[in-house]
Amino acid sequence: MKKLLLLSCLLFQLSVSAQQINFFTNDIRQAFNMARAQGKLVFVEVYSKTCEHCAAFEPIFKEKAVADFYNKNFISYKLEVTSPDVRNFLTPKRLYAPSLPLFLFFDGNENLLHFAMSNPTAAETIKHAQNALNPSVRAATFRSRYASGERSDNFLIDMAMYCRVVCDTTLNIKIMEEYARRKTPAQYADKNNWLAISKLVMDVENPMSKYLINNMGAYKAKYGAKEVKIVAENLIMGSLYSGRGAKYDAAKIQQMRQYLIKIGIEPSAANARTLLPEVNYYFAKRQTAQATARAEDYLNNAKAQLPDYMYIIKLFNNRASDASFVPTARKWVNKALTLTAANSSDAQELKAELAKINARK
């Protein structure tokens, strides 16, 4: 078996030009089998077919110095970000690609040793590979170095990105809060810190996040209105629908709604986006009256359609801890019935929900 694998390795290497990195593309397990047989590490490039930055690396991978170094030290594999490899290989390992292309370096047993996000130059591409081969500097050492007190700005940035790659949100938040405390508010909007906010910060409570929300004009003037709004919106919504957001009380959720409005989201849209978290908070606290009032306010002020009514009616039937919602829910059903034909399947479904409501008396 081992001889067959070695023969497969040889045939593969002979089938491609020596003047490029020899990439596998179809079977990542075969790449790891080959790496174990040859005593090499595995280099995985996570890329997208539509990514211009990814395409810029193609000529770099064909430069002799790059190809020679990678082919000597690694078995290499191209992993397209929409391919089944993501579901079958990256996701079970809780690995995430926050930016493309992403370079991942593994040992033969599929343990992540190093990662990198690179500029498309031969020198930098080789440097990342050298770091992956160096046990004292590769990313696998980051946690121990952080625990030992390493705190340079560059290290904190690298560590925060590593946390994003390995899906350690808790540690990422801690590190980026520490990073933000090392800066003054006057520094938050400079180019490096804007990149940190847009790529690394994951929590709306980070001082840099709050500064962004309160100073949108300054950021838009420097980095473009559309991009700045997207980053701010992602910070707010990512926090609201995270594990941390699940612990927000009503006042905090309402603050998220005001944040959304502040960054330029229409009030009706901000109201809709925060409806479910706030109603679920009230349900968890067994505050049915407050949940009913919040839903009623939404339905009265939004241009609510049949699916809105149907969803909210079912939500209350399933989650309300007492019958105080019943009179209001009957009104919701009656309104919803005017939005569909009398003999439609939706009407029948609404009547079935009304029967459940009436049974709560």
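Here the structure is a predicted model, which is why all the values come from computation and not from measurement. Along every chain, residues carry numbers that run from 1 in the direction the sequence is written. It should be noted that, the model being predicted, local features are given only for residues of pLDDT at least 70 and side-chain atom pairs only at 80 or more, the latter also being counted only at that level, while totals for whole chains, interfaces and linings use all residues. For the side-chain quantities, the full set of heavy atoms in the structure was used; hydrogens and water were omitted.

**Some points on the overall build of the protein**
- Each helix and strand counted, the protein has 20 helices and five strands in total.
- In terms of overall size, the protein is more extended than a compact globule, its C-alpha atoms giving a radius of gyration of 27 Å where 361 residues would be expected to give roughly 21 Å.
- For the C-alpha atoms alone, the extent of the protein along its principal axes is close to 75 × 55 × 35 Å.
- Residue burial is assigned from relative accessible area. The probe radius is 1.4 Å, only protein chains are included, and a residue is buried under 20% of its type maximum, exposed over 50%, and partly exposed in between. Of all 361 residues assigned to the protein, the portion counted as buried reaches 47%.
- In this description, contact between two residues means that some pair of their heavy atoms is separated by no more than 4.5 Å. Taking contacts inside the protein between residues at least 6 apart in sequence as the whole, the part at least 24 apart equals 64%.
- Shrake-Rupley sampling with a 1.4 Å probe provides the accessible areas, and residues are treated as covered by the protein chains on show and by no other component. Accessible surface, the protein as shown: approximately 17800 Å² in total, 52% of it carbon and sulfur.
- Counted as positive: Lys and Arg. Counted as negative: Asp and Glu. His and the chain ends are not counted at all. Note that the charge is assigned to NZ on lysines, CZ on arginines, CG on aspartates and CD on glutamates. Charge-centre separation for the protein: the mean point of 49 positive side chains lies 3 Å from the mean point of 32 negative side chains. A run of H or I in DSSP becomes a helix once it reaches four residues, and a run of E becomes a strand once it reaches two; helices and strands are each numbered from the N terminus. Radius of gyration here uses only the C-alpha atoms, and the compact-globule reference equals 2.2 Å multiplied by the residue count raised to the power 0.38.

**Considerations on the packing of aromatic side chains**
- A pair of aromatic rings is counted whenever rings of Phe, Tyr or Trp (Trp by its six-membered ring) have centres within 6.5 Å, and the orientation is called stacked for planes under 30 degrees apart, edge-to-face for over 60 and tilted otherwise. According to the stated counting rule, one finds 26 aromatic pairs in the structure shown.
- Ring plane angle 40° and centroid distance 5.8 Å describe the contact between Phe 316 and Phe 325, whose orientation is recorded as tilted. With respect to burial, Phe 316 and Phe 325 carry one shared label: buried.
- Members of the aromatic cluster, joined through ring pairs, are Phe 23, Phe 43, Phe 57, Phe 61, Tyr 70, Phe 74, Phe 103 and Phe 105.
- Think of it as a cone above the ring: NZ of Lys or CZ of Arg counts as a charge over the ring if it is within 6 Å of the ring centre and within 35 degrees of the ring normal. For Lys 252, the ring lying beneath its charged end belongs to Tyr 248, and the centroid distance is 5.8 Å.

**Quick notes on the layout of surface pockets**
- For the largest pocket, the calculated volume is near 970 Å³.
- Examining the composition of the lining of the largest pocket, we find that six residues originate from one element, helix α9 (residues 153-165), more than from any other.
- Of the volumes computed, that of the second largest pocket is approximately 340 Å³.
- Every residue lining the second largest pocket is counted, 17 residues in all, and those nearest its centre are Arg 164, Ser 198, Val 201, Asn 234 and Leu 235.
- Elements with a minimum of two residues in the lining of the second largest pocket: α11 (191-199) and α14 (225-240).
- Looking at the lining of the second largest pocket element by element, the count peaks at six residues for α14. Here a cavity denotes a set of grid points, spaced 1 Å apart and computed over the protein atoms alone, in which a 1.4 Å probe fits but from which it cannot get out, and a pocket denotes an open set meeting protein on both sides within 12 Å along at least five of seven lines; residues with an atom within 4 Å of a point are reported as lining. Grid points are joined across faces, edges and corners, and a volume is the space filled by probe spheres set on the points.

**Considerations on the confidence of the model for the protein**
- As a per-residue measure, pLDDT reflects the predictor's confidence and takes values from 0 up to 100. Looking at the protein, the pLDDT average stands at 94 and 95% of residues meet or exceed 70.
- This stretch, residues 1-7, has a pLDDT under 50; its non-local contacts, to residues over four places away or in other chains, come to four contacts.

**With respect to the side chain of Ser 118**
- Position of Ser 118 relative to the elements: it lies in the loop between β5 (112-116) and α7 (122-133).
- Counted as a polar contact is a pair of N or O atoms within 3.5 Å, where, for protein atoms, one must be capable of donating a hydrogen and the other of accepting one, and residues adjacent in sequence contribute only when both atoms are in side chains. Within the local environment of Ser 118, its side chain forms a polar contact with the side chain of His 128, the two groups lying 3.3 Å apart.

**With respect to the sheet that holds strand β3 (residues 74-80)**
- Across the sheet, which stays open at both edges, the five strands sit in the order β1-β3-β2-β4-β5 with mixed pairing between neighbours. Two strands close off the open sheet at either side, each with one partner strand: β1 (23-24) and β5.
- Taken together, the five bridges between strand β2 (residues 41-47) and strand β4 (residues 102-106) define a ladder with antiparallel strand orientation. If you follow Val 42 over to β4, its bridge partner there is Phe 106.
- Against the sheet, α7 touches β2, β3, β4 and β5, its axis set at about 30° to β4. In this scheme, strands are said to pair when DSSP sees at least two bridges between them. Fitted lines through C-alpha atoms give the axes, limited to the stretch in contact for helices. The angle between two N-to-C directions lies from 0 to 180 degrees.

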